[in-house]
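# Analysis of the macromolecular model
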Amino acid sequence: MSIPTPTAGKVWLVGAGPGDPDLLTLRAARLIMRAKLIVHDGLVDPAILALARPEARLVSVAKRRSRHTMPQDAINALLVREALAGTEVVRLKGGDPFIFGRGGEEAEACHAAGVAVEVVPGISAAIGGAAAAQMPLTHRRSASIVSFVAGQCKGLSEQDWSGLAGRGRTLVIYMGLATAEAIADKLIADGLAPDMPVAVIENATRPQMRVLRASLAGLPELVTREKVKSPVVIVIGEVTAEPQVDALRALALEAAQ
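In short, a report on the structure. This structure is a prediction, so every number in the text was calculated from the model and none was measured. (Residues numbered from 1 in each chain as written. Predicted model: local features only at pLDDT ≥ 70, side-chain atom pairs only at ≥ 80, totals over all residues. Heavy atoms only, no water.)

We now examine unusual backbone geometry. Note the cis peptide between serine 230 and proline 231, where omega equals 5 degrees. Topologically, proline 231 is positioned in the loop between α7 (219–225) and β12 (232–236). Even without glycine at this site, arginine 102 takes up a positive phi of about 60 degrees. Relative to the helices and strands, arginine 102 resides in the loop between β6 (88–93) and α4 (103–112). (Helix = DSSP H or I, 4+ residues; strand = E, 2+ residues; numbered from the N terminus.)

Here's what the structure looks like:
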């Protein structure tokens, strides 16, 4: 399927997926390979950026906790300015642009300035990480509801998460590493059992991926003991302890040998 070339500039909000370049959509790969300007997050894998043509401009707008290369307003302004100048801009975002990626804010800025914008979805960190760990986020025996929340946001302690986790439910927490202790305390205070199983997925889908397990009460100690580093998603619920998780992993390892 060909991608039409616009006569004026345009912004594509492109999901780069959780890390593994093989998990890019075909449309995302094609756009990366033809882009004149790629404005990318810090977590986009270098192998994905290597798909860009040699003359493409690559601009990093990496964000880390309390340390941003470029404020969000400046990113919005950059996208708009370049598109209005006639540039085809690929805004390359880890995971999916509309799941904790501020893609909505960037799309709003483009629309307000009269800039054409298109969203190319990507595999989110939760979906990709769970799949790589062979951990079903839903299962007929244990979960029919999945919720995604941000563990690093204003007013975290005041938010009510009491209906998001528990029996029959899976809770996936993005950006929760730095606040793991507060998250565990909060969920237990909201009524979740301290022995609820938890999995921490570090570097989802990448060669160095780790899947670590603990109880909810033991989450802070696990993070400290194992020296867990971002990027991380935290999965809370009975699916993390499902017996088929280890069985599927064993089969995969056996097939690979």
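Let us look at the sheet that holds strand β1 (residues 10–15). Sheet strands associate in pairs through backbone hydrogen bonding, adopting either a parallel or an antiparallel arrangement. In space, the five strands of this open sheet follow the order β3-β2-β6-β1-β7, with parallel pairing throughout. Each edge of the sheet is formed by a strand with only one pairing partner; in this case those strands are β3 (57–60) and β7 (116–120). Sheet twist, expressed as the average angle between the axes of neighbouring strands with direction ignored, equals 20 degrees. Along the sheet face, helix α1 (residues 26–34) touches β1, β2 (37–40), β6 and β7 and points at about 130 degrees away from the line of β1. (Pairing = 2+ DSSP bridges. Axes fitted to C-alpha atoms, helices over the stretch in contact; angles between N-to-C directions. Contact = heavy atoms within 4.5 Å.)

Spatially, β8-β9-β12-β10-β11 is the arrangement adopted by the five strands of the open sheet, whose pairing is mixed. Of all the strands in the sheet, the pair left with one neighbour each is β8 (143–150) and β11 (210–215). When strand polarity is set aside, the average angle formed by the axes of neighbouring strands in this sheet is 20 degrees. Sheet topology note: the strand β10 (residues 197–202)/β12 ladder contains five bridges and is antiparallel. Following the sheet pairing, valine 200 is matched in β12 by isoleucine 234. Running at roughly 115 degrees to strand β9 (residues 168–174), helix α5 (residues 125–132) makes contact with β8, β9, β10 and β12 of the sheet.

Let us look at the environment of proline 54. Assignment of secondary structure puts proline 54 in the loop between α2 (46–49) and β3. Residues proline 54 and lysine 36, spaced 18 residues apart in sequence, show a C-alpha to C-alpha distance of 9.7 Å.

This paragraph deals with α4. For an α-helix the count is 3.6 residues per turn, leaving residues at separations of three or four pointing the same way. Those residues of α4 lying buried are Gly103, Glu106, Ala107 and Cys110. For α4, the angular spread of the buried residues around the axis is 100 degrees, confining them to a single face. Counted as exposed and oriented over 90 degrees from the buried face of α4: Glu108 and Ala112. Looking at the buried residues of α4, the elements they touch are β1, α3 (72–84), β6 and β7. Once α4 finishes, glycine 114 follows within two positions and takes phi at roughly 75 degrees, a positive value. (Buried < 20%, exposed > 50% of the residue type's maximum accessible area, 1.4 Å probe, protein only. Arc of directions from axis to C-beta.)

What follows concerns the environment of glutamate 226. Counting through the fold element by element, glutamate 226 comes out in the loop between α7 and β12. Separated by 14 residues in the primary sequence, glutamate 226 and leucine 212 place their C-alpha atoms 8.5 Å from one another. Beyond its immediate chain neighbours, meaning those up to four positions away, glutamate 226 contacts Arg210 and Leu212.

Moving on: the packing of aromatic side chains. Per the counting criterion, the structure on display carries two aromatic pairs. Judged by centre distance (5.0 Å) and plane angle (55 degrees), the ring pair of phenylalanine 100 and tyrosine 174 falls under tilted. Taken as a pair, phenylalanine 100 in the loop between β6 and α4 and tyrosine 174 in strand β9 lie far apart in primary sequence, 74 residues in all. Considering the side-chain rings of phenylalanine 148 and tyrosine 174, the 6.1 Å spacing of their centres and the 85 degrees angle between planes classify their relative orientation as edge-to-face. Taken as a pair, phenylalanine 148 in strand β8 and tyrosine 174 in strand β9 lie far apart in primary sequence, 26 residues in all. Given a relative accessible area of 9%, tyrosine 174 falls into the buried group. In textbook terms, an aromatic cluster arises when at least three aromatic residues are bridged by ring pairs, as seen for Phe100, Phe148 and Tyr174. Against the face of tryptophan 161 rests lysine 186, its NZ or CZ located 5.3 Å from the ring centre. (Phe/Tyr/Trp six-rings, centres within 6.5 Å; stacked < 30°, edge-to-face > 60°. Lys NZ or Arg CZ within 6 Å of the ring centre and 35° of its normal.)

In this section: the pattern of salt bridges. For the coordinates displayed, the defined rule picks out 14 salt bridges. With a closest N to O distance of 2.9 Å, glutamate 118 and lysine 10 form a salt bridge. Of this pair, glutamate 118 sits in strand β7 while lysine 10 sits in strand β1, and the two are 108 residues apart along the sequence. For glutamate 118, a relative accessible area of 21% puts it in the partly exposed group. For lysine 10, a relative accessible area of 16% translates into the label buried. Between glutamate 226 and arginine 210 there is a salt bridge whose closest N-O contact spans 3.4 Å. With a gap of 16 residues between them, glutamate 226 in the loop between α7 and β12 and arginine 210 in strand β11 connect regions that are remote in the sequence. Here arginine 210 falls in the partly exposed class, since its relative accessible area comes to 26%. Put simply, Glu202, Arg210, Glu221, Arg225 and Glu226 are held in one network by salt bridges that share partners. (Salt bridge = Lys/Arg side-chain N within 4 Å of Asp/Glu carboxyl O.)

Read these as geometric descriptors, not functional statements.
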